[in-house]
Amino acid sequence: MYFCSNLYINEIMSIELSEQEQFRRQSLDELRNMGIDPYPAALYPTDAFSTDLKAEFKDDGSRKQVCVAGRIMSRRIMGKASFIELQDSKGRIQVYVSRDDINTEAQPEMYNTVFKKLLDIGDFVGIKGFMFRTQTGEISIHTQELSVLSKSLRPLPIVKYKDGVAFDAFEDPEQRYRQRYVDLVVNEGIKDIFIKRTKVYQSMRDFFNSQDYIEVETPILQSIPGGASARPFTTHHNALDMPLYLRVADELYLKRLIVGGFEGVYEFSKNFRNEGMDRTHNPEFTAMEIYVAYKDYNWMMEFTENMIEKICQDVNGTDQITIGDKTISFKTPFKRITMIDAINEYTGFDINGMNEEELREVCHKLHIEADESMGKGKMIDEIFGEKCEGNYIQPTFITDYPREMSPLCKRHRDNPELTERFELMVNGKELANAYSELNDPIDQLGRFQEQLNLSEKGDDEAMFIDMDFVRSLEYGMPPTSGMGIGMDRLVMLMTGQQAIQEVLFFPQMKPEKAAKKDTNEKFATLGIPEAWIAVVQKAGIQTVENLKGLNPNKFHQDICGLNKKNKLELTNPSKEEVAAWITEAGK
C-alpha cells in the first residue's frame, strides 16, 4: 500500500528541483529559524561603490569606514577567516570576513553557521567595515558587520578562468537573451553596452536641446498606421468597438506639430512592425525622428553627419569604431551619391526614366523576384537592397530617390521624377532616413492614392491614407526637413555589436520549447501509484513513451535511490512492480 500524507507533499514537489535548489531552500528555512529575515524590507544605508573605493584608496594608515552591498560572486573559506568577492552595480571588490568580527551576542553563529553554511554564491549581503590592503597587495574591505539582504534560490552559472581561458561560460545566445538578468550578472562587458546606449541617447538629446528643439510624445495606439510602408500590428478597442494599430512611425503626428507652429520637434519613439526577426531587425524597435521648419534635405545631411560624429566622440572618445575586422570613421563630411548612380555603379543598369515593365525586366536579368503586385518603388528598393546597400561600409548618403519610393517626400527641385530624400548607409545597412518634407496637400493626397492602388494590387506594406494629415497640410505647413534614425542600429555601431539582440535588454524571442510531459493520469494507467509519479518524472521519465525498453532493475534502483535521497519515506515498489510498469508502457 502506498500512502501519501500532507506531511510530505512539499517534499514530493521539491524533487522537481535540482539538488542545489533544494539545499538553498533548506538554508532559507534555517535562516528564518535563526530569526534572520532573508528578504528584509528596511533601507540598507550604502555609501560607496567598489570601483570608487579602489580608485580612491590611500595607504595612509587611516581606516576609512564604508557601507557597501552586493552579490557574493566567489568565496574562499579558511577556518576562522574567509574572503569573498562582492559585486555591486559598478564592479567587484574583495571582502575579508572573520569569525571574531561578525559574531554577536544576538547571533553567535553568524560566521560558522550563517556565513559558512547558509550563504551561497549569488546571495546579496550588506557589509559594514573599513578599507585596508592585504599582504598580497589587494585593496579590500575588512568586515565588522554582515547583513543578509536577499537569498538566491537558483545557482548562478559562474564563469571560471584558467590561464585566460573561460570555463562554464554562460554564452549560448538564446539563453543569454532570454535570461538577460543572468547575462548581466555573470558576463563581463554586457552592462557596459547598455551604459553606452544611454550615453548615445544623452548625446543626441544634448545636440538637439542645444538648438532649442523640443522633445515631444505622440500616440502609440493609432487609428491609421501612417508614416512608413510597413505591416502593422492590429489590436481592438472594446469601448469604441474599433480596430487600432500599434504605430509603425510617428512622422505624421510630428509634422502636425510643425503645422501647429513648433519650429523643431523630436521624439524617441517605440515603433512596431509586424515583420520578421533577424540580426538587424526586431518587431519592436526604437526610432528617433526630428522635424525642423524652414530647412531642406541638404541642410539635414550636414546636421546629421555632425550629430553622428559628436555621438561617436561622446560615447567612445574617438570618431572611429571597430566592428569585426572593419574600422569605420565618422569624421565629417560623409560621402554622397545618388540612388540611380549607385544602382548604375553596382549593376550596370541606368534605371533613370524606366517604366514599370522595363524595371521588371531589369529585376529578371538581376535574378531579383518581382511579382505583379510590386510597383516601381518596390522594385527599385529591391534592386538597391540586393545589389548596392551592402557595399557601403563607410558612412555614405544615398540621395535623390525615385518618387514612387517616397510618398511623403517633396519632389526634387530639378527632376520631378525624383524626390529630395537621403538615406545614410553605414556598415552595409540603412542608419538614417531624411526628406525635404512634402507640404503640398494636393500632391500629398495624390501620393496617398498611389499607395492605395498598390494596396489594392496586394502590397500589404503600402501606406494607409490619412485624411486628417492631408487636412492639416491644407492649413499650411512651412518648408520642413525631417530625419529618422534607428536607435538600436546606432547603438550597435557605437558599441561594435553585430546583432540587434546584443543592444536590446529583452529582444523578442520565439516561445520557449516546453519539454513534452504526459499527465499524471496517463502514468496512473500503467499502475504507477500517484505518490511515485513525481519520483518517476524526477528520474527523467517525462512521458510514458520514455519508459519503454528500460532495464527494470536499473530503473528500480534509480527511483528507490531518489526516495531515500529526498527523504520521501515512500514504501519502495518491488522490482516486479517496476517491471510491470515498463511492460505496460510497451504495449
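Residues numbered from 1 in each chain as written. Predicted model: local features only at pLDDT ≥ 70, side-chain atom pairs only at ≥ 80, totals over all residues. Heavy atoms only, no water.

1. Here we look at the overall build of the protein
So, point 1. Secondary structure assignment for the protein yields 21 helices and 20 strands.
So, point 2. Against the globule reference of 25 Å for 587 residues, the protein gives a C-alpha radius of gyration of 32 Å, more extended than a compact globule.
So, point 3. Based on the C-alpha atoms only, the size of the protein along its principal axes is roughly 85 × 80 × 55 Å.
So, point 4. Counting over 587 residues, the protein shows a buried share of 48%. (Helix = DSSP H or I, 4+ residues; strand = E, 2+ residues; numbered from the N terminus. Rg over C-alpha atoms; globule rule 2.2 N^0.38 Å. Buried < 20%, exposed > 50% of the residue type's maximum accessible area, 1.4 Å probe, protein only.)

2. Description of a nonpolar patch on the surface
So, point 1. Together, Y181, F505 and F506 give the surface a local cluster of nonpolar side chains, amounting to about 380 Å² of exposed area.
So, point 2. For Y181, the position within the fold is in helix α7 (residues 180-186). (Patch = residues over 30% accessible without salt bridge, like charges linked within 9 Å, V, L, I, M, F, W, Y side chains within 5 Å. Areas by Shrake-Rupley, 256 points an atom, 1.4 Å probe, with all protein chains shown as cover. Salt bridge = Lys/Arg side-chain N within 4 Å of Asp/Glu carboxyl O.)

3. Some remarks on the packing of helix α11 (residues 339-347) against helix α13 (residues 376-387)
So, point 1. For the pair α11 and α13, interaxial distance at closest approach is 10 Å and the crossing angle is 50°. As summarised for this structure, α11 and α13 are arranged oblique, according to the angle between their axes. In this structure, α11 meets α13 at a crossing whose hand is left-handed. Across the interface between the two elements, M339, A342, I343, Y346 and T347 from α11 touch I380, I383, F384 and K387 from α13.
So, point 2. Its residues assigned to classes, the contact of α11 with α13 shows seven nonpolar, one polar and one charged. (Axes fitted to C-alpha atoms, helices over the stretch in contact; angles between N-to-C directions. Parallel < 35°, antiparallel > 145°, perpendicular 65-115°, else oblique. Left-handed = near helix turned anticlockwise from the far one by under 90°. Contact = heavy atoms within 4.5 Å. Nonpolar A, V, L, I, M, F, W, Y, C, P; charged D, E, K, R; others polar.)

4. Points about empty space enclosed by the protein
So, point 1. Counted under the stated rule, the structure contains one cavity of 30 Å³ or more.
So, point 2. The calculated volume of the largest cavity comes to roughly 100 Å³.
So, point 3. Contributing to the lining of the largest cavity are I340, I351, N352, G353, M354, K376, I380, P402, E404, E417 and L418.
So, point 4. Its residues assigned to classes, the lining of the largest cavity shows six nonpolar, two polar and three charged. (1 Å grid on protein atoms, 1.4 Å probe; cavity = no way out; pocket = protein on both sides within 12 Å on 5 of 7 lines; lining within 4 Å. Points joined across faces, edges and corners; volume = space filled by probe spheres on them.)

5. Some thoughts on the sheet that holds strand β5 (residues 139-150)
So, point 1. Read around the closed barrel, the five strands follow the order β1-β2-β3-β5-β4; overall the barrel is mixed. Taking each pair of neighbouring strands and ignoring which way they run, the sheet shows an average axis angle of 55°. (Pairing = 2+ DSSP bridges.)

6. Some thoughts on helix α20 (residues 552-565)
An α-helix turns once per 3.6 residues; consequently, residues spaced three or four apart project the same way.
So, point 1. Spanning 14 residues, α20 covers 20 Å between terminal C-alpha atoms, matching the ideal 20 Å at 1.5 Å per step.
So, point 2. Burial in α20 covers these residues: F555, H556, I559, C560, L562 and N563. Buried residues of α20 fall within an arc of 150° about the axis and therefore sit on the same side. Exposed side chains of α20 directed beyond 90 degrees from the buried face belong to Q557, K564 and K565.
So, point 3. Looking at the packing, one finds that the buried side of α20 touches α18 (530-538), α19 (544-547) and α21 (575-585).
So, point 4. For α20, the N-terminal cap is N551; the gap from its side-chain oxygen to the backbone nitrogen of N553 is 3.0 Å.
So, point 5. Remark: K567 follows α20 within two positions and exhibits a positive phi of approximately 55°. (Expected span 1.5 Å × (residues − 1). Arc of directions from axis to C-beta. Polar contact = N/O pair within 3.5 Å; in protein donor to acceptor, adjacent residues only side chain to side chain.)

7. Here's the deal with the pairing of strand β3 (residues 92-98)
So, point 1. Along β3, five of the seven residues are buried, which leaves the element largely enclosed by surrounding structure.
So, point 2. Here strand β2 (residues 81-87) runs beside β3; their pairing, made up of seven bridges, is antiparallel. Across the sheet, S82 pairs through a bridge with V97, a residue of β3.
So, point 3. Hairpin connection from β2 to β3: four residues lie between these consecutive antiparallel strands.

8. Looking at the packing of aromatic side chains
So, point 1. If you walk through the whole model with that rule in mind, you get 18 aromatic pairs.
So, point 2. Relative to F303, the ring of F208 has its centre 5.9 Å away and its plane inclined at 5°; by these criteria the two rings are stacked. Within this pair, whereas F208 is found in helix α8 (residues 190-209), its partner F303 is found in helix α10 (residues 297-316), the two being separated by 95 residues in sequence. For the pair shown, F208 and F303 are each scored as buried.
So, point 3. Taken together, the ring pairs in this structure connect Y201, F207, F208, Y213, Y266, F268, W299 and F303 into an aromatic cluster.
So, point 4. Above the ring of F130, the side-chain terminus of R63 is found at 4.0 Å from the ring centroid. (Phe/Tyr/Trp six-rings, centres within 6.5 Å; stacked < 30°, edge-to-face > 60°. Lys NZ or Arg CZ within 6 Å of the ring centre and 35° of its normal.)

9. Section: the environment of I393
So, point 1. Looking at the secondary structure, you find I393 in the loop between α13 and β17 (396-399).
So, point 2. Judged by relative accessible area, which is 24%, I393 ranks as partly exposed.
So, point 3. Between the alpha carbons of I393 and I290 there is a distance of 25 Å; along the sequence they are 103 residues apart.
So, point 4. Other than its neighbours up to four places away in sequence, I393 contacts K326, I328, V426, N427 and G428.

10. Description of the side chain of E420
So, point 1. Its place among the elements puts E420 in the loop between β17 and β18 (421-426).
So, point 2. The exposure class assigned to E420 is buried, which follows from its relative accessible area of 2%.
So, point 3. In this structure E420 touches Y297, C409, K410, R411, H412, R413, A434, Y435 and S436, once residues within four positions along its chain are discounted.

11. Digging into the sheet that holds strand β8 (residues 214-215)
Where strands meet in a sheet, backbone hydrogen bonds hold them as pairs that are either parallel or antiparallel.
So, point 1. In space, the eight strands of this open sheet follow the order β8-β12-β13-β20-β19-β18-β17-β16, with mixed pairing throughout. Edge positions in the sheet fall to β8 and β16 (335-338), since each of these pairs with one other strand and no more.
So, point 2. Two elements, strand β19 (residues 429-436) and strand β20 (residues 480-486), share five bridges in a ladder whose sense is antiparallel. Bridged to A434 within β20 is M483.

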